[in-house]
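As a plain string of letters, each chain reads:
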Amino acid sequence: MSDQRIRFYQTGTFTVGNRLLDPSDRAVQASTARANALTSGHRACQGCGEALGARYVLDAAMRATGNQLIAVNATGCLEVFTTPSPETAWQLPWLHSLFGNAAAVATGVAAAMRVKGKPVRVIAQGGDGGTTDIGFGCLSGMFERNDDVLYVCYDNEGYMNTGVQRSSATPPTARTATTPAMGPERGNVFGTGKSLPLLAMAHNLPYVATATVADLHDLEAKVTCAMGIHGARYLHVLVPCPLGWGHPTDETIRMARLAAECGLFPVFEAVDGEVVSSTPIRRRVPVEAYLRGQKRFAHLFDGPTPDPRIARLQALADQNIRRFRLQPEVTP
Amino acid sequence: MKLPFAITLDPGSSRHNHTGAWRTQRPVYVDRLPPCNATCPAGENIQHWLFLAESGDYRAAWEAILADNPLPAVMGRACYHTCETACNRAKVDEAVGIHAIERFLGDLAIEHKWPAPPCAPATGKKVLVIGAGPSGLAAAYHLARLGHAVTIRDAMPRAGGMMRYGIPRYRLPREIVDAEIQRIVDLGVTLELGVRVDDLPGAIAAGGFDACFAAVGAHLAKRIDLPAPDATRILDAIGLLREIEQGGVAPLLGRRVVVYGGGNTALDVARTARRMGAADAVIVYRRTQAEMPAHEDELREALEEGVQVRWLSTVASLGDGDITIEKMRMTLAGPVPTGEFETIAGDTLVLALGQAVDLAPLRAVPGVAFTRDGSVEVDGALMTGHPGLFCGGDMVPAERTITVAVGHGKKAARHIDAYLRGTTYAPAPKHAPATLERLNPWYYSDAERTVQPQLEMARRQGTFEEVHGGLDTSTALFEARRCLSCGNCFECDNCFGVCPDNAVIKLGPGLGFRIDLDFCKGCGLCAKECPCGAIDMIAEQT
């Protein structure tokens, strides 16, 4: 009896905090002393995943750096909803220049801090449009030069700010303004797009990780780990968008959870170009459970028989599960 | 400051922009009624005392139990825990072992000799309680706590009622019963034993009592006539258990004991017979296992100990060293005889066919009415037609369990208190139920139920030692923390963490959270991600 290992229970690590946990085991977000780097009054939509993700990342980074942090922002929702002149929701030094140059500006800020001899760290951040499409040239340069910047991409899989257009992070079959649900192949087509985490790994970065807003402890641990390393680092955070994805505003976290639990969004860490760990799927669900909750995939379910492309998406999820070992106990 | 064209706000924080104006619905913190609390016949606030136990504050948890039930160590053993059947966690993995934690807390209190919380100032009112069983003791406890002078009278030489004379020792050790009764006596309750009350109005008038609570139980065995060469070989179950407890001459059971009946008492007798050396203990029950009123766990344990059961059978007659049973057949109307007989070995037949209430003392009391099945009629306040006379426990129409009895004691005490003060007692309205659908079980990790240690089989068949062991400090804490806290905030900080607008204000330990309506946009994430369903979204008035 007495040798029973106390694994987890109501005080487990899945909630943000808990009165029964040692404060050091609680998330940064559980503390009233958190930086609130992104504060109230911002104009993000109800239930915005990106607003949540940005606060999670920056609060954790503020704690990890003792508040010695500057953020550089690409154009996008995150810039627009936080800083409509003359007011701002940022509670840390924050800089915005252009859509495509956040990585280059961050390189410059990091160089300036080095020249001035200040131990101030730099985060560059943007949405998937500013990262995977428009800012990719500058980002690849920053990666290749191994500049001392953590680049964070908040991936909501499209250009949501300008009216939900397709980006190179939009998944196949998703309906956007530029991939409408009409014609012979409705929604975004298969065989397009790119995986920025894998591209970042191809630059042999010291640290690459993916995370979602559904697993706060995992996300905070990765930010803390990244801030403990110097050089170019990349963090890719899945942030569901109620507007662009077409799910209820209270389902933002659930959608992020389902994306990871079905395998479509693999959560892993890579060091020096090699995957070193992955967050195992806890309760695996078929991709359908994830797709059904979103209007951008509604056309997959409006026919008399299941759309065969659901099976293709399931194959992508299964491939991720094999490739990133998301279910280590399952042998093929 | 002169602002540029089209700029209406000073440079500065976005907090000037009250996004709460967008809201069409708002989150509201609520308390819901957890299923354990909802089903507890004693009305325990189980979720609340588990919450206290989870932080290791066992004394506060124990005192929270005592607010409703003065017998936690007894209850943790003898209650059939409907709370665990209802537990939401049972649908996630396995129910929380509530009874085991309650027993742990009760035993801890006995070990440390924790006294009951102090009584209210004396009211000068006197209450007579008849029957020192669980119902009478519970009523006495609550009445004493409320400041009334209580006298308990019981016909038996020792207090406890069915806790002593009905439930065998291997389920409920007597030192536990003694310790919990002593704690109630220590409140200043007068205990008069070996006193049978036959003239109720006379006893009330003679003692100058202002009210009376009668809970004498149901201890008259129901009998049937059977052709038998030797009537001494037919015993009644409740009388047998009482005789064994009183330690007189051990009744001659013989080597092969047949028990007729399908209730918990039948199992108690069969298990007792095994412990007294009977080679065979056979239960004869006229329906099937599905209809058996006995508790499932009791049956399982009895079978483990070698008790046999003849389903769909009735006893037809007794022979010399054997008993003839008739096979039955189940129909929609119930079991019907098949005319097929079988003779089984049996030295003694024990009848466990239920118990009736001894209504004699109440027959002559003016105003008291009876139900057709021989119980006392009471109103919603457990009062009989005779003003000031209340009844509870096995005497009144209800399920006959120790927990129901304790619940009646509490309920009667509250109504008697109101009666004595010339008011009426109205219980607080109940919260809406905390259903599993409202919970977000993702946040609770898998944690298997802690198994209580059991006595080894050889000693379960030969001695009256307690079958189930208790939890220790670490396993009790583990088990308490398996509680999902259904419908009641347990301060996990999820709402505080998941708000994209920082519109949840954390008030500090024990104080919970508040919504900052200046900034809450009403997205509903806090309510959706609340593990225990303690947030409602309600529409804004437009």
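Residues numbered from 1 in each chain as written. Chains lettered and ligands numbered in written order. Predicted model: local features only at pLDDT ≥ 70, side-chain atom pairs only at ≥ 80, totals over all residues. Heavy atoms only, no water.

Quick look at the overall build of chain A now. On a plain count of helices and strands, chain A comes out with eleven helices and nine strands. In summary, chain A has a C-alpha radius of gyration of 20 Å against a globular reference of 20 Å for 332 residues, a match within 12%. Each of the three principal axes of chain A carries a C-alpha extent, and together these read 65 × 60 × 40 Å. Expressed as a percentage of its 332 residues, the buried residues of chain A come to 57%. Looking at chain A alone, contacts between residues at least 24 apart form 70% of all its contacts between residues at least 6 apart. (Helix = DSSP H or I, 4+ residues; strand = E, 2+ residues; numbered from the N terminus. Rg over C-alpha atoms; globule rule 2.2 N^0.38 Å. Buried < 20%, exposed > 50% of the residue type's maximum accessible area, 1.4 Å probe, protein only. Contact = heavy atoms within 4.5 Å.)

Once that is clear, we can look at the pattern of salt bridges. Residue and element names in this part refer to chain B. Evaluated as defined, the whole model comprises 56 salt bridges over all chains. A salt bridge links R438 to D536; the nearest nitrogen and oxygen atoms lie 2.8 Å apart. Placement of the pair is R438 in the loop between α16 (402-420) and α17 (457-462) and D536 in strand β20 (residues 535-539), with a sequence separation of 98 residues. Overall, R438 belongs to the partly exposed group, its relative accessible area being 22%. The network of salt bridges with shared partners includes R171, D268, R271, R275, D297, E298, R300, E301, E304, E305 and R460. (Salt bridge = Lys/Arg side-chain N within 4 Å of Asp/Glu carboxyl O.)

This part is about the interface of chain B and chain A. With 58 residues of chain B in contact, the opposing surface of chain A contributes 53 residues. Summing the contributions of chain B and of chain A, the shared interface buries around 5,000 Å²; its carbon and sulfur component is 51%. Broken down residue by residue, the surface that chain B buries against chain A is led by W442, R481 and N502 of chain B, which jointly contribute 16%. Inspection of the region where chain B meets chain A yields three salt bridges. With its nearest N and O atoms 2.9 Å apart, the salt bridge here joins E251 of chain A to K528 of chain B. Along the contact surface separating chain B from chain A lie 33 residue pairs in polar contact (both at pLDDT 80 or more). Of all the secondary-structure elements, those providing two or more residues to the side of chain B that touches chain A are β1 (12-13), α2 (46-54), α18 (473-480), α19 (494-498) and α20 (525-528) of chain B. Among the elements that line the side of chain B that touches chain A, the one with the most residues is α19 of chain B, at four residues. Among the residues making up the side of chain B that touches chain A, the classes are represented as 26 nonpolar, 17 polar and 15 charged. Of the strand pairs in this sheet, strand β2 (residues 87-88) of chain A and β1 of chain B are connected by two bridges, and their pairing is parallel. Counted as the bridge partner of T88 of chain A is S13 of chain B from β1 of chain B. (Buried area = accessible area lost by both parts, 1.4 Å probe. Polar contact = N/O pair within 3.5 Å; in protein donor to acceptor, adjacent residues only side chain to side chain. Nonpolar A, V, L, I, M, F, W, Y, C, P; charged D, E, K, R; others polar. Pairing = 2+ DSSP bridges.)

The next point concerns the pairing of strand β13 (residues 322-331) of chain B. Residues and elements named next belong to chain B. For strand β12 (residues 313-318) and β13, the ladder comprises five bridges, and the chain directions are antiparallel. Among the inter-strand pairings, V315 is bridged to a residue of β13, identified as I325. The loop that links β12 with its antiparallel partner β13 comprises three residues; one of these, G321, has a positive phi angle of about 80 degrees. As paired strands, β13 and strand β14 (residues 334-345) are joined by nine bridges and run antiparallel to one another. Across the sheet, R329 pairs through a bridge with V336, a residue of β14. The hairpin formed by β13 and β14 contains two residues between the paired strands.

Following the criterion strictly, the structure yields zero disulfides over all chains and no others. C241 of chain A carries a free sulfur, and the closest cysteine sulfur to it, the one in C45 of chain A, is 6.3 Å from it. Here C79 of chain B is not cross-linked by a disulfide; its sulfur's nearest cysteine counterpart is in C83 of chain B, at 6.0 Å. Accessibility expressed as a relative area gives 13% for C79 of chain B, which makes it buried. (Disulfide = S-S within 2.5 Å.)

Attention now goes to the sheet that holds strand β9 (residues 274-278) of chain A. All names here are of chain A. Taken in spatial order, the eight strands of this open sheet run β3-β1-β4-β5-β7-β6-β8-β9, and their pairing is mixed. The sheet terminates laterally at β3 (94-96) and β9, the two strands that pair on one side only. Here the strands of the sheet are splayed against their neighbours by 20 degrees on average, with no regard to which way each runs. (Axes fitted to C-alpha atoms, helices over the stretch in contact; angles between N-to-C directions.)

Each neighbour pair has its own omega, and for S85 of chain A with P86 of chain A the value is 10 degrees, a cis peptide bond. As for its placement among the helices and strands, P86 of chain A is situated in the loop between α2 (77-82) and β2.

Looking now at α2 of chain B. All names here are of chain B. The buried fraction of α2 amounts to eight of the nine residues, a majority that puts the element mostly inside the structure. The complete set of buried residues in α2 reads I46, Q47, W49, L50, F51, L52, A53 and E54. At its buried positions, α2 is contacted by α1 (35-39), α3 (58-66), α5 (82-86), α7 (98-112) and α18. The positive-phi residue at the C-terminal boundary of α2 is G56, with phi of around 85 degrees.

Another aspect to go through is the sheet that holds β12 of chain B. All names here are of chain B. Pairing in this open sheet of three strands is antiparallel, and the strands run β12-β13-β14 from one edge to the other. Looking at the sheet topology across the chains shown, the edges are occupied by β12 and β14. Geometrically, the sheet is characterised by an average inter-axis angle of 25 degrees between neighbouring strands, direction not taken into account.

Turning to the packing of aromatic side chains, a few remarks are in order. Taken as a whole and assessed by the stated rule, the structure comprises 15 aromatic pairs over all chains. With centroids separated by 6.3 Å and ring planes inclined at 75 degrees, the aromatic side chains of F99 of chain A and Y159 of chain A adopt a geometry described as edge-to-face. Of this pair, F99 of chain A sits in the loop between β3 and α3 (102-116) while Y159 of chain A sits in the loop between β5 (150-155) and α6 (196-202); the two residues are 60 residues apart in sequence, bridging distant segments of the chain. Taken together, F143, Y151 and Y234 of chain A form an aromatic cluster joined through their ring pairs. Lying across the ring of F51 of chain B, R19 of chain A places its NZ or CZ 3.5 Å from the centre. The ring of F190 of chain A carries the charged tip of R312 of chain A above its face, separated from the ring centre by 4.0 Å. (Phe/Tyr/Trp six-rings, centres within 6.5 Å; stacked < 30°, edge-to-face > 60°. Lys NZ or Arg CZ within 6 Å of the ring centre and 35° of its normal.)

All names here are of chain B. Positionally, I167 belongs in the loop between α9 (162-165) and α10 (174-185). Assessed through its relative accessible area of 12%, I167 is described here as buried. Considered as a pair, I167 and R242 are 75 residues apart in the sequence and their alpha carbons are 9.3 Å apart. The residues touching I167, leaving out its near neighbours within four places in the chain, are A78, M162, L172 and R174.

If you check the domain split of chain B, you get domain 1 (20-31 + 489-539), domain 2 (36-114 + 448-480), domain 3 (126-219 + 357-421) and domain 4 (221-354). With centres defined by C-alpha atoms, the gap from domain 1 of chain B to domain 2 of chain B works out at 33 Å. (Domains from an automatic or database assignment.)

Attention now goes to helix α9 (residues 252-262) of chain A. Residues and elements named next belong to chain A. Most of α9 sits out of view: ten of its eleven residues are buried. Residues T252, I253, M255, A256, R257, L258, A259, A260, E261 and C262 constitute the buried set of α9. Trailing α9 by a residue or two, G263 shows a phi angle of about 100 degrees, which is positive.

Looking now at the packing of helix α1 (residues 49-65) of chain A against helix α7 (residues 216-227) of chain A. Each packed pair of helices is defined by two parameters, the angle between the axes and the distance between the axes. Residue and element names in this part refer to chain A. Between α1 and α7, the shortest axis-to-axis distance is 9 Å and the interhelical angle comes to 45 degrees. By the angle class used here, α1 and α7 are oblique. Crossing geometry of α1 relative to α7 is assigned as right-handed. Residues Y56, V57, A60, A61, A64 and T65 of α1 touch α7, and the partners they reach there are L216, L219, E220, V223, T224 and M227. (Parallel < 35°, antiparallel > 145°, perpendicular 65-115°, else oblique. Left-handed = near helix turned anticlockwise from the far one by under 90°.)

Now for the nonpolar core. Grouped together as the largest cluster of nonpolar side chains are 71 residues, with contacts concentrated most on W49, L50, L105 and I416 of chain B. When residues of this core are assigned to domains, at least three map to each of domain 2 (36-114 + 448-480) and domain 3 (126-219 + 357-421) of chain B. Apart from the residues within four sequence positions on either side, L105 of chain B is in contact with W49, Y58, A61, W62 and I65 of chain B. Among the nonpolar cores identified, the runner-up in size contains 47 residues, and A54, Y154, V213 and L216 of chain A belong to it. (Core = buried A, V, L, I, M, F, W, Y, C linked by side-chain atoms within 4.5 Å.)

Turning our eyes to something else, we now look at the environment of H203 of chain A. Residues and elements named next belong to chain A. When you line up the elements, H203 lands in the loop between α6 and β6 (207-212). Once the C-alpha coordinates of H203 and G49 are considered, the two residues, 154 residues apart in sequence, prove to be 28 Å apart. In contact with H203, not counting residues within four places along its chain, are S140, F143 and E144.

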